[in-house]
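Structural overview
Now for the letters of each chain:
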Amino acid sequence: MEMKKTKLGIVLSGGGAKGAYEAGFLKALSELNIQPDALAGTSIGALNGSVYAAQKDTKNVAKMLEDIWHDMASSEALKFDKKKAFLNIVEVIAFFSPLAPVHRVVKTTTTILRGCRSQEGVLTTEPAENILEKYAPVEKLLKGLPFYVGVTESSGNMIDTLRFLGLSHSGITDYIKVQSLNTEDMYKIILASAALPLLFDAVTVNGKNYRDGCLSSLDNAGGNTPIKPLVENEQCTHIIICHLDHGSYFNRHEWKNVNIIEIRPTFGTFSSDLDPLRFSIDKIDLWIEQGYKDAVKILKDTFAALNGKYERITSEYRSDQAIQSLINKKFSIPDDY
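None of the values given here were measured: they were computed from a predicted structure. (Residues numbered from 1 in each chain as written. Predicted model: local features only at pLDDT ≥ 70, side-chain atom pairs only at ≥ 80, totals over all residues. Heavy atoms only, no water.)

**So, the packing of aromatic side chains**
What the rule picks out here adds up to two aromatic pairs. Ring geometry for Phe-270 and Trp-287: centres 5.1 Å apart, planes at 65°, overall edge-to-face. You can see Phe-270 sitting in the loop between β10 (259-263) and α11 (281-328) and its partner Trp-287 sitting in helix α11, a full 17 residues away along the chain. An identical accessibility class is assigned to Phe-270 and Trp-287; each is buried. Here the aromatic residues Tyr-21, Phe-270 and Trp-287 are joined through ring pairs into a cluster of three or more. Its guanidinium or amino end placed over the ring of Phe-270, Lys-18 lies 5.0 Å from that ring's centre, counting from NZ or CZ. (Phe/Tyr/Trp six-rings, centres within 6.5 Å; stacked < 30°, edge-to-face > 60°. Helix = DSSP H or I, 4+ residues; strand = E, 2+ residues; numbered from the N terminus. Buried < 20%, exposed > 50% of the residue type's maximum accessible area, 1.4 Å probe, protein only. Lys NZ or Arg CZ within 6 Å of the ring centre and 35° of its normal.)

**Quick notes on the environment of Gly-268**
Along the polypeptide, Gly-268 turns up in the loop between β10 and α11. A sequence separation of 22 residues divides Gly-268 from His-246, and the C-alpha atoms of the two residues are 9.4 Å apart.

**Topic: helix α1 (residues 20-31)**
With 12 residues, α1 should reach 16 Å at 1.5 Å per residue; the first-to-last C-alpha distance of 17 Å fits that figure. Across the 12 residues of α1, 10 count as buried, placing the element largely inside the fold. Regarding α1, the residues found buried are Ala-20, Tyr-21, Glu-22, Ala-23, Gly-24, Phe-25, Leu-26, Ala-28, Leu-29 and Ser-30. Of the residues flanking the end of α1, it is Asn-33, one or two places downstream, whose phi is positive at about 60°. (Expected span 1.5 Å × (residues − 1).)

**Considerations on the packing of helix α6 (residues 126-135) against helix α9 (residues 183-193)**
α9 packs onto α6 with a crossing angle of 135° between their chain directions and a minimal axis gap of 11 Å. Considering their axes alone, α6 and α9 lie oblique with respect to each other. As α6 packs across α9, the resulting crossing turns out to be right-handed. For the pair formed by α6 and α9, the contact residues are Ala-128, Glu-129, Leu-132 and Glu-133 on the first element and Tyr-187, Ile-190 and Leu-191 on the second. Of the residues contributing to the contact of α6 with α9, the split by class is five nonpolar, no polar and two charged. (Axes fitted to C-alpha atoms, helices over the stretch in contact; angles between N-to-C directions. Parallel < 35°, antiparallel > 145°, perpendicular 65-115°, else oblique. Left-handed = near helix turned anticlockwise from the far one by under 90°. Contact = heavy atoms within 4.5 Å. Nonpolar A, V, L, I, M, F, W, Y, C, P; charged D, E, K, R; others polar.)

**With respect to the environment of Tyr-210**
Structurally, Tyr-210 is set in strand β8 (residues 208-212). A relative accessible area of 6% places Tyr-210 in the buried class. Residues Tyr-210 and Glu-153 lie 57 residues apart in sequence; the distance between their C-alpha atoms is 4.4 Å. If we ignore the near neighbours within four places in the chain, the residues touching Tyr-210 are Val-151, Thr-152, Glu-153, Ser-154, Asp-174, Ile-176, Ile-189, Ala-192, Ala-202, Val-203 and Val-205.

**Observations regarding the packing of α1 against helix α3 (residues 58-73)**
Contact pair α1 / α3: the axes reach a minimum separation of 8 Å and the direction vectors enclose 155°. Here α3 runs roughly antiparallel to α1, going by the angle between their axes. Our pair here, α1 against α3, has a crossing hand that is left-handed. Contacts from Ala-20, Ala-23, Leu-26, Lys-27, Leu-29 and Ser-30 of α1 reach α3 at Thr-58, Lys-59, Val-61, Ala-62, Leu-65, Glu-66 and Trp-69. A class-by-class count of the residues in the contact of α1 with α3 yields eight nonpolar, two polar and three charged.

**A short note on unusual backbone geometry**
A negative phi angle is the norm for most residues apart from glycine, just as the trans form is the norm for most peptide bonds. One non-glycine residue, Asn-33, lies in positive phi territory at about 60°. Mapped onto the fold, Asn-33 is located in the loop between α1 and β2 (38-41). By relative accessible area, which is 62% here, Asn-33 ends up exposed. Despite not being glycine, Ser-43 has its phi angle at roughly 60°, a positive value. Following the sequence through the fold, Ser-43 ends up in the loop between β2 and α2 (44-55).

**Comments concerning the side chain of Thr-161**
Tracing the backbone through its elements, the reader meets Thr-161 in helix α8 (residues 157-164). Since its relative accessible area comes to 18%, Thr-161 is described here as buried. In this structure, Thr-161 is in contact with Pro-197 and Leu-198, ignoring residues within four places of it in sequence.

**Notes on the pattern of salt bridges**
Applying the stated criterion to the full structure yields eight salt bridges. Asp-67 is paired through a salt bridge with Lys-63; the nearest N and O atoms lie 3.0 Å apart. One end of the pair is Asp-67 and the other is Lys-63, both in helix α3 and four residues apart, which spans about a single turn. Residue classification places Asp-67 among the partly exposed residues on the basis of a relative accessible area of 31%. With a shortest N-O distance of 2.9 Å, Asp-160 and Arg-211 are connected by a salt bridge. Note that Asp-160 is positioned in helix α8 and Arg-211 in strand β8, a separation of 51 residues in sequence. Taking relative accessible area as the criterion, Arg-211 reaches 0% and is therefore assigned buried. (Salt bridge = Lys/Arg side-chain N within 4 Å of Asp/Glu carboxyl O.)

Right under this line is the structure:
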């Protein structure tokens, strides 16, 4: 009997400011001395995951992410691109102005078509880029843990927004290994994974425009919880998923031969549809602490059970080996013994 090597993967879901919960989750991992072999993330999970992948060591990452989230809470985590916001306002004013020289029907058609095709958002990625450069430098990512992000090919603001609202199921998730890209595209694909329509620009990588992997999560179960590349590409035998919602479109029964542990927020942790945009210190502290508590509660019990199962399997394996060794030496017990 050959024992399969245990390989652990960590999946970090998307959810904007709710990603502070993942900082608490990682703090629990560090205290329980849990170290993964590979990582995957979508949206804010891709940003948190990039730091994890680059730094490797769970203890270091847990402290870094707590500092990062406190910094985001005390600064402008969401910054408007003033030029784009200004142009959008001017366009709206021009459209409704009675003095505008363009015929109303022509303007309506042009505006709709522009909105359908547009790949632009009104927020800048500068805060996220600063985090990547400081805590996940490219040279460390290249030597770091295997790291995958979930992205969706963009079809323009209108279709992408319909996907986000669950009114279109046309998107399919692409799972891209960050270390497989040219160095100039590594940050781009991480930012693309968090690029929600209207808020952020689509990001071009290898000739394709990408946005948030969650845009296909209703049609493709792994969009917001990218377990697939960890199982199929990295052959992980165990997966720990940190969700940022009570429910999930993730189907754990799809992966029958993989041990999956899911950490979900206690009911009441997130109470508003606006929570993904609430980068405030009171919420950040609350969510970090809750992520820690939920993870400790589930992981302690689960790993105790897994350790017991592992010890039993190991004992059986050693017993089988000893018996086989005796058989090979033609050892036998006399019938009249």
